[in-house]
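Listed below, chain by chain, are the residues.
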Amino acid sequence: MQLPENILTTVRREACREGQRNFFVYDTAPMREKIANLKSIMPEGVEIFYAMKANPHSAFLKAAKESGVTGVEIASLGEAEKARLAGFAASQMIYTGPGKSPEELRWSAAHGIHTVHVESLTEAHRLNQICKEMGKAQDILLRINPDFEIHGAQKMLSGGSSKFGIDTEKLPDILPKILELQNLRFRGLHVYAATGILKVDDLLKNCELVFSLTQQIEAGFQGVKCDIVDFGGGFGIDYLETGQDFSLTSYADGLHKLIAQYKLHGRHFMLELGRYLAADSGWYCTEILDIKDSRGKKQIVTAGGTNHFRRPAALSINHPVVIVPMKRPALFAGQEHVAKEKVYIGGPICSSADKIASDVYIEEAHIGDIAVLCLAGAYGLTMSHLEFLSHKRPPEIVLG
């Protein structure tokens, strides 16, 4: 992977600042282009919500807002506040995730949030009681833990025992009880089966199964209509550079056919997209402090590691790595370097798990160069254990 010229220039400039050994660079132009493309090709009724957990930085929220997303998906009051400061109204927010506190549910009802995505019968009763006390009614989606899995997904969110949603087989017992709660307005389903899917057919199969489930519910419960269906996200990013990018056009075409096949025109279909929108708008940059040969394997030691960018270790996946030469003088004759070999890259954290790249091929690298991990715009800094060892927080450089 090559760095865009504006990113390369920025990396070299920032790396020359005194004491600047770790930093993120953001350019939201790719994110804006993706949103524009989504809006132009998706079937009528498909609404795009930015899943801000991927990157809650104000630059990404601004890009989402200015690009005309329908709204944002939040999972905490902290995210709600950041979204509000970026200009999103509460009516543009959908609240997902298990374990919503009474305070979070009260805020949602008080501010007229778009939909609360209920994860259990307990949560439904808690929200209904709060709404009753406030004299309000709240639109809800019911999150389902389906009895199917998506093969080839980077991470499964359903299929087995899960903290997410209500098991499909329990719906006949639980749904009538939720429908009886007078301060909740049932609007539809939320089914987010898996994430990190590159094969379009796999994700379309998920849509087909969700549509089938929708029809079963409407046929089995008199007067019930699923006006809204939330697919979650799931669009994959080719972190391993296999050349198998997710085909948005194929997905849009397939979804259009499924909507027609199941006669669901006029419904609202939510896409919560975070990683897909944000990943290629960010780069994590860290200085190479040491290179050593350890029992036949080169170890690159960088100024930052999983304390700044935890995702590679957490998901056991490499990101594309680019080495930016800085041509700094060697400290001594015979100093170790890397030349056309596979290496491990880890930071200063006192843990063998501190690996931001494992067994990756590097053409050339020297102490003082900058290792750049690409596709780092999603689940980067805020996913990491920043306080461990109390290292300095890396700055986030925003272009444009």
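Since the structure is predicted, the reported quantities are computational estimates derived from the model, not experimental observations.

What follows concerns empty space enclosed by the protein. Applying the stated criterion across every chain, the model contains one cavity of 30 Å³ or more. Approximately 50 Å³ is the volume found for the largest cavity. If you go around the largest cavity, the residues you meet are Tyr26, Ala54, Asn55, Pro56, Ala376, Gly377, Gly380, Leu381, Thr382 and Glu396. In the lining of the largest cavity, the residues fall into five nonpolar, four polar and one charged.

Next up on the list: the pairing of strand S15 (residues 321-324). Burial along S15 is two-sided: the residues Val321 and Ile323 and Val322 and Val324 are all buried. Where S15 and strand S18 (residues 370-373) come together, four bridges link them in antiparallel fashion. Bridging from a neighbouring strand, valine 321 pairs with leucine 373 of S18.

Residues other than glycine seldom take positive phi values, yet lysine 263 does so here, at roughly 55°. A positive phi angle, near 60°, is found at serine 390, a position not held by glycine. Take serine 390: it is sitting in the loop between S18 and strand S19 (396-398).

With that settled, the discussion passes to the packing of aromatic side chains. One pass over the structure, following the stated rule, counts 14 aromatic pairs. A ring pair is formed by phenylalanine 24 and tyrosine 26, whose centres lie 6.0 Å apart and whose planes are at 40°; its orientation type is tilted. Here phenylalanine 24 matches tyrosine 26 in class, with each residue buried. Ring geometry for phenylalanine 211 versus tyrosine 262: centroids 5.8 Å apart, planes at 55°, classification tilted. Taken together, the positions of phenylalanine 211 in helix H8 (residues 200-220) and tyrosine 262 in the loop between helix H9 (248-261) and strand S12 (268-273) put the pair 51 residues apart, joining distant regions of the chain. When sorted by exposure, phenylalanine 211 lands in the same class as tyrosine 262, which is buried. Through pairs of rings, three or more aromatic residues link up here, namely Phe24, Tyr26, Phe60, Tyr284 and Phe309.

The rules behind these values
Residues numbered from 1 in each chain as written. Predicted model: local features only at pLDDT ≥ 70, side-chain atom pairs only at ≥ 80, totals over all residues. Heavy atoms only, no water. 1 Å grid on protein atoms, 1.4 Å probe; cavity = no way out; pocket = protein on both sides within 12 Å on 5 of 7 lines; lining within 4 Å. Points joined across faces, edges and corners; volume = space filled by probe spheres on them. Nonpolar A, V, L, I, M, F, W, Y, C, P; charged D, E, K, R; others polar. Buried < 20%, exposed > 50% of the residue type's maximum accessible area, 1.4 Å probe, protein only. Helix = DSSP H or I, 4+ residues; strand = E, 2+ residues; numbered from the N terminus. Pairing = 2+ DSSP bridges. Phe/Tyr/Trp six-rings, centres within 6.5 Å; stacked < 30°, edge-to-face > 60°.

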